[in-house]
Structure formats: C-alpha cells, structure tokens
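Letter by letter, the chains look like this.
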Amino acid sequence: VQLQASGGGLVQAGASLRLSCAASGRTFNIRAMGWFRQAPGKEREFVAAVYWSGGTTSHADSVKGRFAISKDNAKNMVYLQMNSLKPEDTAVYYCAADKTRMPDLRWIKGYDYWGQGTQVTVSS
C-alpha cells in the first residue's frame with residue numbers, strides 16, 4: 001500500500017485546511033487509516049483515525065470539535081478537515097494505514113504503512 005498526503009500549507013490562526021490522503025496498491029488490505037503529526041523536537045502523535053469498514057472514528061482530545069476525519073472507500077481516500085487552526089497545530093502531518101484492524105486506533109506502532117507527510121504551518 002502506498003499513501004500520498006497532500007493539502008498542507010501556511011495559514012493564519014483561525015483558518016481551515018483540508019488534508020487528503022490517497023491510498024494505492026493493495027488497498028483491500030486496509031482496515032483503518034489515521035492521521036498523525038510531528039512538530040519540531042516532539043514525538044509523532046495521534047490526531048485522528050477511522051475504521052475502513054463501519055466508519056467508527058477516533059480523535060485526539062486536542063483536536064476534538066475542530067478536526068474531523070472522513071473517508072471515501074470508493075476512491076481510497078481519507079481526509080482531515082481542520083478548522084479553527086491554532087499555532088500549536090503546526091507540524092508535519094502524516095497519514096497511515098493499518099492492515100490488521102487493531103482495537104486501539106491511537107497506537108502508532110500498529111500502523112503498517114505511512115505516507116510522506118505534508119507540512120501545516122499556522123501563524124499567530
């Protein structure tokens with residue numbers, strides 16, 4: 001499975017962005033997809049994820065009410081709508097895919113495939 005993330009950019013605080021992640025290759029293996037982010041000098045952290053079948057989602061507390069993950073199974077796409085962006089949301093955002101349907105979508109080590117990342121910069 002190959003993942004291609006896009007949609008990042010430089011915005012002001014309070015603005016919105018929508019990230020997209022396109023999956024290709026053996027996409028029938030996908031059981032869940034997620035978004036993670038990594039700010040300079042910090043560890044990569046969970047942002048949001050969704051089960052491919054059923055659509056159950058999970059969001060980090062820091063983004064609940066502002067970010068929303070969605071998917072389009074037919075297009076093998078997952079999206080992250082980010083509203084009310086804050087400077088602390090600045091990071092490289094990565095999409096990831098899981099092939100085992102792990103019970104904890106927040107477990108970073110459970111993801112099998114990773115995209116290249118897209119930079120999101122929020123200015124104050």
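Quick summary incoming for the structure in this document. (Residues numbered from 1 in each chain as written. Predicted model: local features only at pLDDT ≥ 70, side-chain atom pairs only at ≥ 80, totals over all residues. Heavy atoms only, no water.)

### What about the overall build of the protein chain?
- When you go through the protein chain residue by residue, the secondary structure sums to zero helices and 11 strands.
- When the helices and strands of the protein chain are read in sequence order from the N terminus, they spell out β-β-β-β-β-β-β-β-β-β-β.
- When burial is assessed residue by residue, the protein chain has 46% of its 124 residues classed as buried.
- At a minimum sequence separation of 6, the contacts of the protein chain that also span at least 24 residues come to 57%.
- As displayed, the protein chain has an accessible area near 6,200 Å², and 47% of this comes from carbon and sulfur atoms. (Helix = DSSP H or I, 4+ residues; strand = E, 2+ residues; numbered from the N terminus. Buried < 20%, exposed > 50% of the residue type's maximum accessible area, 1.4 Å probe, protein only. Contact = heavy atoms within 4.5 Å. Areas by Shrake-Rupley, 256 points an atom, 1.4 Å probe, with all protein chains shown as cover.)

### Concerning the packing of aromatic side chains
- Counted according to the given criterion, the structure contains four aromatic pairs.
- Linked through ring pairs, Phe36, Phe46, Tyr111 and Trp114 together constitute an aromatic cluster.
- Sitting over the face of the ring of Tyr79, Arg18 holds its NZ or CZ atom 4.2 Å from the ring centroid.
- In this structure, Arg44 packs its charged tip against the face of Trp114, placed 5.0 Å from the ring centre. (Phe/Tyr/Trp six-rings, centres within 6.5 Å; stacked < 30°, edge-to-face > 60°. Lys NZ or Arg CZ within 6 Å of the ring centre and 35° of its normal.)

### Some words on the nonpolar core
- Grouped together as the largest cluster of nonpolar side chains are 40 residues, with contacts concentrated most on Leu3, Met33, Trp35, Leu80, Met82 and Tyr93.
- Every element with two or more residues in this core is listed here: strand S1 (2-6), strand S3 (17-24), strand S4 (32-38), strand S5 (45-51), strand S7 (67-72), strand S8 (77-82), strand S9 (91-98) and strand S11 (118-123).
- Considering every element that reaches this core, the biggest residue donor is S5, with six residues.
- Setting aside anything within four residues of it in sequence, one finds Met82 in contact with Ala15, Ser16, Leu17, Leu19, Arg66, Phe67, Tyr93 and Val120. (Core = buried A, V, L, I, M, F, W, Y, C linked by side-chain atoms within 4.5 Å.)

### Describing the pairing of S5
- Along S5, six of the seven residues are buried, which leaves the element largely enclosed by surrounding structure.
- Alignment of S4 against S5, held across six bridges, turns out to be antiparallel. Paired with Gly34 across the bridge in S5 is Ala49.
- Taken together, S4 and the strand that follows it, S5, pair antiparallel across an intervening segment of six residues, in which Gly41 is found at a positive phi of about 75°.
- Alignment of S5 against strand S6 (residues 57-59), held across three bridges, turns out to be antiparallel. Among the inter-strand pairings, Val50 is bridged to a residue of S6, identified as Thr57.
- Taking the residues that link successive antiparallel strands as the turn, the S5-S6 hairpin has five residues, and the phi of Gly54 there is positive, at about 100°. (Pairing = 2+ DSSP bridges.)

### With respect to the state of the cysteines
- For the structure shown, the criterion picks out one disulfide.
- A sulfur-sulfur separation of 2.1 Å characterises the disulfide bridge that pairs Cys21 with Cys95. Across the S-S bond of Cys21 and Cys95 the torsion is about 55°, and the bridge reads as right-handed. Residue Cys21 is located in strand S3, and its partner Cys95 is located in strand S9; the two are separated by 74 residues in the primary sequence. Taken individually, Cys21 and Cys95 each receive the classification buried, so the pair is uniform in this respect. (Disulfide = S-S within 2.5 Å.)

Read these as spatial facts, not as claims about activity.
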